[in-house]
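Working through the structure, step by step
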Amino acid sequence: MKNPQLDANKALIHLLSTEGLPRAVLEQILDRAAEYVTEMEQGHKKFPVLPGKSVFNLFFENSTRTRTTFEIAAKRLSADVINLNINASSTAKGETLLDTIHNLEAMGADLFVVRHAQSGAAHLISQHVKPGIAVVNAGDGRHAHPTQALLDMYTIRHFKGDFTGLRVAIVGDILHSRVARSQIHALSTLGCPEIRVIAPKTLLPVGVEQLGVHVYHDMAAGLKDVDVVAMLRLQNERMSGAYLPSTQEFFKYYGLTADKLALARPDAIVMHPGPMNRGVEIDSAVADGHQAVILPQVTFGIAVRMAVMALVAENQARAVAHNKGYAA
Ligand code: CP
């Protein structure tokens with residue numbers, strides 16, 4: 001089946017999910033991000049890749065890290081950035097998502113960054129935009145958060161070199177987590193040989209083993225000798241009903257404390273996509289400890305989002321030029 005994120009040459013034209021993306025595309029994004037990181041470490045702040053292009057940030061759900069780093073990333077690429085204030089937009093008057101998109105297209109949008117509570121929202125938009133306009137998913141429902149997973153992959157590669165021989169544990173509310181799903185697809189494609197998920201039965205999707213992960217319900221067994229611990233927040237906003245007796249009980253069994261982390265390899269890194277709930281899924285001593293790479297994740301997110309926007313825009317422009325060539 002055709003992957004809607006890729007053109008006929010298998011070049012990335014939208015980023016909707018890490019699922020189904022070839023390893024070469026994932027590595028291309030990570031490599032381009034590495035170039036930006038190196039240049040930014042040398043003091044470069046502006047990269048004239050998207051001059052005159054309009055990036056529309058459409059966040060129908062709350063965000064601190066993703067929205068802000070997309071804005072910084074687009075500005076570093078010299079794009080114009082428009083942050084739609086959803087609460088003050090005509091969405092509140094009943095305008096449909098696609099009508100909103102078509103109106104923004106009429107204003108000259110070149111790239112949409114979309115976060116939405118409905119799984120599939122970014123995919124739907126990508127099917128209805130004009131040729132040449134790219135869509136980047138900034139998190140859709142429980143489905144996918146591909147740029148988060150990519151910045152997580154970047155962080156792992158930065159601290160661990162590569163993915164061969166790594167044991168990675170993803171811990172917490174896997175059931176409601178778009179981050180976990182995107183991480184699992186990216187890790188498998190990049191060749192990580194052992195992906196573990198650790199959670200109570202109520203917070204695991206049925207059939208999660210089919211994604212190629214090893215399932216643990218016990219932190220002591222699941223964290224033993226891992227190289228990477230990727231924590232997740234309880235996604236209360238996506239829960240309907242009671243999945244846990246209490247957050248105190250969750251912390252007792254699944255909260256990452258220094259004692260539990262000591263079961264992982266001594267050089268294990270601790271990641272968290274944020275926002276963190278201290279004392280629920282992670283203890284402050286670990287969140288602020290020397291193994292935590294939570295703030296470097298945020299910083300790398302700028303370069304990874306620059307890489308994604310640069311690549312989709314370049315590939316869209318190439319596809320449009322190619323099609324015009326055929327028409328002529
Ligand atoms: N990790 C993440 O998506 O954080 P925000 O909700 O703050 O964007």
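Residues numbered from 1 in each chain as written. Predicted model: local features only at pLDDT ≥ 70, side-chain atom pairs only at ≥ 80, totals over all residues. Heavy atoms only, no water.

This is how it is decided: UniProt positions are given in the numbering used here, feature names are shortened, and annotations may be inferred rather than shown by experiment.
The protein has the name Aspartate carbamoyltransferase in an unreviewed UniProt entry, where Amantichitinum ursilacus is given as its organism. In UniProt, the protein has this text filed under Catalytic activity (unreviewed entry): "carbamoyl phosphate + L-aspartate = N-carbamoyl-L-aspartate + phosphate + H(+)". Check the Sequence similarities (unreviewed entry) section of the UniProt entry for the protein; it says "Belongs to the aspartate/ornithine carbamoyltransferase superfamily. ATCase family."

Remarks on the site of the ligand
How we decide: If even one non-hydrogen atom of a residue comes within 4 Å of a molecule or strand, that residue is called near it. The term polar contact refers here to a pair of N or O atoms within 3.5 Å; inside protein, the definition further demands a hydrogen-donor-capable atom paired with an acceptor-capable atom, and it admits residues adjacent in sequence only when both atoms are side-chain atoms. Delimitation of the domains relies on an automatic or database domain assignment.
Contacts to the ligand come from Ser63, Thr64, Arg65, Thr66, Arg115, His145, Gln148, Pro273 and Gly274. One of the side-chain N or O atoms of Ser63 is found 2.6 Å from an oxygen atom in the ligand. Two domains share the shell around the ligand, each providing at least three of its residues, namely domain 1 (23-145 + 299-327) and domain 2 (146-297).

Describing the packing of helix α3 (residues 97-106) against helix α4 (residues 121-128)
Here is the rule: Axis definition: a line fit to C-alpha positions, over the contact stretch in the case of helices; interaxial angles, taken between N-to-C directions, run 0 to 180 degrees. For helices the rule is a DSSP run of H or I covering at least 4 residues; for strands it is a run of E covering at least 2, with both sets numbered from the N terminus onward. An angle below 35 degrees is treated as roughly parallel, one above 145 as roughly antiparallel, one from 65 to 115 as roughly perpendicular, and anything else as oblique. Note on convention: near helix rotated counterclockwise from far helix by under a right angle means a left-handed crossing. Clockwise means right-handed. Residue contacts follow a heavy-atom distance rule, with two residues in contact if any of their heavy atoms lie within 4.5 Å. Under the convention adopted here, Pro, Cys and the residues Ala, Val, Leu, Ile, Met, Phe, Trp and Tyr are nonpolar, Asp, Glu, Lys and Arg are charged, and Gly plus all remaining residues are polar.
Two elements in contact, α3 and α4, have axes whose closest approach is 11 Å; the angle formed by their N-to-C orientations is 50°. By the angle between their directions, the pair α3 and α4 is classed as oblique. Between α3 and α4 lies a crossing whose hand is right-handed. Residue-level contacts link Leu97, Leu98, Ile101, His102 and Glu105 of α3 to Ala121, Leu124, Ile125 and His128 of α4. Looking at the contact of α3 with α4, its residues break down into six nonpolar, two polar and one charged.

Here's the deal with the sheet that holds strand β4 (residues 134-140)
This is how the line gets drawn: Two strands are said to pair when DSSP picks up at least two bridges between them.
If you walk across this open sheet you meet the four strands as β2-β1-β3-β4, and the pairing is parallel. Here the strands that pair on one side only, and so sit at the sheet edges, are β2 (80-84) and β4. Pairwise comparison of adjacent strand axes, ignoring direction, gives a mean angle of 15° for this sheet. Pairing of strand β1 (residues 54-59) with β2 involves five bridges; the strand directions are parallel. Note that in β2 the partner of Ser54 across the bridge is Asp80. Packing against the sheet, α3 makes contact with β1, β2 and β3 (111-116), and its axis sits at approximately 155° to β3. Along the sheet face, α4 touches β3 and β4 and points at about 165° away from the line of β4.

Things to note about the packing of aromatic side chains
Cut-off, in case you're wondering: Between rings of Phe, Tyr and Trp, where Trp is taken as its six-membered ring, a pair exists when centres lie within 6.5 Å; planes separated by under 30 degrees are stacked, by over 60 edge-to-face, and by other angles tilted. Each residue is assigned to one of three classes by its accessible area relative to the maximum for its type, calculated with a 1.4 Å probe on protein chains only: buried under 20%, partly exposed between the two thresholds, exposed over 50%.
The final tally for this structure, using the stated rule, is four aromatic pairs. Ring centres of Tyr154 and Phe300 lie 4.8 Å apart, and the angle between their planes is 55°; on these two criteria the pair is classed as tilted. Taken together, the residues Tyr154 in helix α5 (residues 146-160) and Phe300 in helix α11 (residues 294-327) connect sequence positions 146 residues apart. The burial state of Tyr154 is the same as that of Phe300; both residues are buried.

Observations concerning the pattern of salt bridges
For clarity, the cut-off: Salt bridge, as used here, is a side-chain nitrogen of Lys or Arg placed within 4 Å of a carboxyl oxygen of Asp or Glu.
All chains considered together, the criterion is met by 13 salt bridges. Arg32 is the salt-bridge partner of Glu314, the closest N and O atoms lying 2.9 Å from each other. Residue Glu314 is located in helix α11, and its partner Arg32 is located in helix α1 (residues 23-41); the two are separated by 282 residues in the primary sequence. Assessed through its relative accessible area of 27%, Glu314 is described here as partly exposed. Notably, a salt bridge pairs Arg265 with Asp227, separated by 3.0 Å at the nearest N-O pair. Of this pair, Arg265 sits in the loop between α9 (258-261) and β9 (269-271) while Asp227 sits in the loop between α7 (219-223) and β8 (228-231), placing them 38 residues apart in sequence. Arg265 gets classed as partly exposed once you look at its relative accessible area, which sits at 36%.

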